[in-house]
Amino acid sequence: MKLLALPAFTDNYLWLWHNGKEALVVDPGQAAPVLEALANLNLSLTAILVTHHHKDHIGGIQELQEKTNASVFGPEHSQMPKPFKTVKAHDRLQLLGQEIEVLEVPGHTLSHLAYLVPRTTPSKAALLFCGDTLFSGGCGRLFEGTPQQMLNSLAQFKSLEDDTQVCCAHEYTLSNLKFALHIEPHNQALLNYNAHCQMLRGQNLPTLPSSIGIEKEINPFLRAHRPEVQQSAKHFDDQVCDELSCFAALREWKNTF
Ligand code: ZN
Ligand code: FE
């Protein structure tokens, strides 16, 4: 199985996963990059997985449905282009001969889903398509959900194996790391990771996929339980006293940082 991050718009990635014959794509906000990759690699599109209803994640679905035989899977939402199959937590899809598990991760939107391809062999790490819930070094804005909902959603991700490959929908890493370094200026893993990502972006390479293990070490939104992170968050909101209040403060601070 091969995984490709197709760049779209200014900073989206459309994740294409294929076995050399059949492919699936996650959140095709645009059809053109997907059609081009399918043609170049001589692949047929079997499925489209949708994490949430925002335009930059669904804009290409209609054209892809017209030009391929792909089935669409996504959350129950009025804005989802029809026809599609509604999926929900704990559903298991069989696609490209692989099992894919559906997670419900409200926060960025209320009906936001993520898709997990569990580990099949010891050497093949799990894959997580997390849409706009988790970014490398950051997390999605809370357009519809509450801080508590988002924290619970991120906790589901934190419980996954450390080497799980995290396929986020946007290349926001460097600007997220700027904020992360403001929160934890002495976090050595974060300093090293920032240097590594600067190097990748300097060569116009994606910083993704990340991994759950890396994110637990460097992402302040997964570290709101830590005293040093709570201490920093107090500079924004002196009421910060626990993981939830710290997470809420970080999310608000980041909105204007
Ligand atoms: Zn979104
Ligand atoms: Fe998005």
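Our subject is the structure that appears above.
So, here's what we can say about the structure. All of these numbers come straight from a predicted model, not from anything done at the bench.

Some words on the sheet that holds strand β13 (residues 165–168)
Then comes step 1: Reading across from one edge, β7-β8-β9-β10-β13-β14 is the order of the six strands in this open sheet, with mixed pairing throughout. Lying at the two open borders of the sheet, with one neighbouring strand each, are β7 (92–95) and β14 (210–211).
Then comes step 2: Summarising the sheet, strand β9 (residues 113–117) and strand β10 (residues 127–131) pair through three bridges and their orientation is antiparallel. Bridging from a neighbouring strand, Leu-116 pairs with Leu-128 of β10.
Then comes step 3: The sheet strands contacting helix α4 (residues 147–158) are β8 (98–104), β9 and β10, and the helix crosses β8 at an angle near 150 degrees.

Observations concerning the packing of helix α5 (residues 173–183) against helix α6 (residues 188–202)
In a packed pair of helices, the relevant descriptors are the angle between the two axes and the axis-to-axis distance.
Then comes step 1: Two elements in contact, α5 and α6, have axes whose closest approach is 10 Å; the angle formed by their N-to-C orientations is 155 degrees. When the axis of α5 is compared with that of α6, the two are roughly antiparallel. Two packed elements cross with a definite hand, and for α5 against α6 that hand is left-handed. Contacts from Thr-173, Leu-174, Leu-177, Ala-180 and Leu-181 in α5 reach Leu-190, Leu-191, Tyr-193, Asn-194, Cys-197, Gln-198 and Arg-201 in α6.

Considering the pairing of β7
Then comes step 1: Of the two faces of β7, the one lined by Leu-93 and Leu-95 is fully buried and the one lined by Arg-92 and Gln-94 carries no buried residue.
Then comes step 2: Joining the antiparallel neighbours β7 and β8 is a turn of two residues, in which Leu-96 adopts a positive phi near 50 degrees.

Considerations on the packing of aromatic side chains
Then comes step 1: Evaluation of the coordinates by the stated rule reveals seven aromatic pairs.
Then comes step 2: Taken together, a centroid distance of 5.8 Å and an interplanar angle of 90 degrees make the contact between Phe-179 and Trp-253 edge-to-face. With Phe-179 in helix α5 and Trp-253 in helix α9 (residues 243–256), this residue pair connects regions lying 74 residues apart in the sequence. For the residue pair Phe-179 and Trp-253, the accessibility class agrees, reading buried in each case.
Then comes step 3: Taking 5.5 Å as the distance between ring centres and 10 degrees as the angle between the ring planes, the aromatic pair formed by Phe-236 and Trp-253 counts as stacked. Of the two residues, Phe-236 is situated in the loop between α8 (227–233) and α9 and Trp-253 in helix α9; the sequence distance between them amounts to 17 residues.

How each quantity is defined
- Residues numbered from 1 in each chain as written.
- Chains lettered and ligands numbered in written order.
- Predicted model: local features only at pLDDT ≥ 70, side-chain atom pairs only at ≥ 80, totals over all residues.
- Heavy atoms only, no water.
- Pairing = 2+ DSSP bridges.
- Helix = DSSP H or I, 4+ residues; strand = E, 2+ residues; numbered from the N terminus.
- Contact = heavy atoms within 4.5 Å.
- Axes fitted to C-alpha atoms, helices over the stretch in contact; angles between N-to-C directions.
- Parallel < 35°, antiparallel > 145°, perpendicular 65-115°, else oblique.
- Left-handed = near helix turned anticlockwise from the far one by under 90°.
- Buried < 20%, exposed > 50% of the residue type's maximum accessible area, 1.4 Å probe, protein only.
- Phe/Tyr/Trp six-rings, centres within 6.5 Å; stacked < 30°, edge-to-face > 60°.

All quantities given are derived from atomic positions and should not be read as evidence of function.
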